[in-house]
Amino acid sequence: MFQCFFCQRAQQSCSSSRASPELSQECPAEMVKMTRSKTFQAYLPNCHRTYSCVHCRAHLANHDELISKSFQGSQGRAYLFNSVVNVGCGPAEERVLLTGLHAVADIYCENCKTTLGWKYEHAFESSQKYKEGKFIIELAHMIKDNGWE
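Conventions and cut-offs
Residues numbered from 1 in each chain as written. Predicted model: local features only at pLDDT ≥ 70, side-chain atom pairs only at ≥ 80, totals over all residues. Heavy atoms only, no water. UniProt positions renumbered as here; feature names shortened; annotations may be inferred. Helix = DSSP H or I, 4+ residues; strand = E, 2+ residues; numbered from the N terminus. Polar contact = N/O pair within 3.5 Å; in protein donor to acceptor, adjacent residues only side chain to side chain. pLDDT = per-residue confidence, 0-100. Contact = heavy atoms within 4.5 Å. Patch = residues over 30% accessible without salt bridge, like charges linked within 9 Å, V, L, I, M, F, W, Y side chains within 5 Å. Areas by Shrake-Rupley, 256 points an atom, 1.4 Å probe, with all protein chains shown as cover. Salt bridge = Lys/Arg side-chain N within 4 Å of Asp/Glu carboxyl O. Lys, Arg positive; Asp, Glu negative; His and termini not counted. Charge placed at Lys NZ, Arg CZ, Asp CG, Glu CD. Core = buried A, V, L, I, M, F, W, Y, C linked by side-chain atoms within 4.5 Å. Buried < 20%, exposed > 50% of the residue type's maximum accessible area, 1.4 Å probe, protein only.

Under an unreviewed UniProt entry, the name given to the protein is Protein yippee-like, and the organism recorded is Neophocaena asiaeorientalis asiaeorientalis. UniProt's Sequence similarities (unreviewed entry) comment on the protein is quoted here verbatim: "Belongs to the yippee family."

Here it is, written out as structure tokens:
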């Protein structure tokens, strides 16, 4: 069975200190090829199902990083991801959301600057702490790419 370079790297220990300078040192991001010569900052491997920006097709997340499809954004349904790429983050602010008070920061596509959703910086209720450091992307701003037959 053949696997892409990134799949093989992900199967190795996440604590390996011999990571290539082209790759991030953290485990989830090892699936991402970092480049300065291309349009986007990061490209996810073609052999994985991915989500992309609907406006410019920049890669946003690997399907393996999807935590939940049961979220509500300001413009409809949204997905919760463990990690994302090609995304910038604005300043954090406190907002009262459906599940209570949270400190969140809007996230936007680094390529086309469209606001995609938000990042949970802090949850004030103990039952919501699992969201801290996670990302919401609204379905209205992303499409499925690579292998979604």
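More follows now that the structure is in view.
Chemist: I'd like a rundown of the side chain of Asn86, residues and numbers included.
Modeler: Locating Asn86 in the fold gives a position in the loop between strand 6 (76-81) and strand 7 (87-97). There is a polar contact of 2.8 Å between the side chain of Asn86 and the backbone oxygen of His59.

Chemist: Any chance you could break down the confidence of the model for the protein for me, citing the residues and the numbers?
Modeler: On average, residues of the protein score 78 in pLDDT, and 69% of them reach the 70 mark or higher. In this model residues 1-6 is a low-confidence stretch, pLDDT under 50, and it forms 12 contacts with partners more than four residues away in sequence or in other chains. Note that pLDDT drops below 50 for residues 8-38; the model gives that stretch 51 contacts with residues more than four away or on any other chain.

Chemist: Before we move on, could you go through a positive patch on the surface and cite the residues and values that matter?
Modeler: The grouping of Arg49, Lys69, Arg77 and Lys144 at the surface amounts to a positive patch. Tracing the backbone shows Lys69 in strand 5 (residues 66-73).

Chemist: If you had to explain the nonpolar core to someone new, which residues and values would you point to?
Modeler: Membership of the largest hydrophobic core comes to 17 residues, with the highest contact counts inside it found for Cys53, Leu60, Phe81, Val84, Leu116, Ile137 and Met142. Looking at this core, the elements with two or more residues in it are strand 3 (50-53), strand 4 (59-62), strand 6, strand 8 (100-109) and strand 10 (135-138). Excluding residues within four positions of it along the chain, Cys53 makes contact with Ala58, Leu60, Cys109, Cys112, Leu116, His141 and Ile143. Ranked by size, the runner-up nonpolar core spans seven residues in total, among them Ala78, Leu80, Val104 and Tyr120.

Chemist: I'd love a proper account of the pattern of salt bridges, names of residues and values included.
Modeler: Overall, the coordinates contain five salt bridges when judged by the stated rule. Taking the shortest distance from any N to any O, the salt bridge between Asp106 and Arg95 comes out at 2.7 Å. Placement of Asp106 in strand 8 and of Arg95 in strand 7 is noted, with a sequence separation of 11 residues between them. Ionic pairing is found between Glu132 and Lys129, a salt bridge with its closest N-O pair at 3.3 Å. Of the residues examined, Glu132 reaches a relative accessible area of 27% and is grouped as partly exposed. The exposure class of Lys129 is partly exposed, given its relative accessible area of 35%. Because the salt bridges share partners, they merge into one network encompassing Glu93, Arg95 and Asp106.

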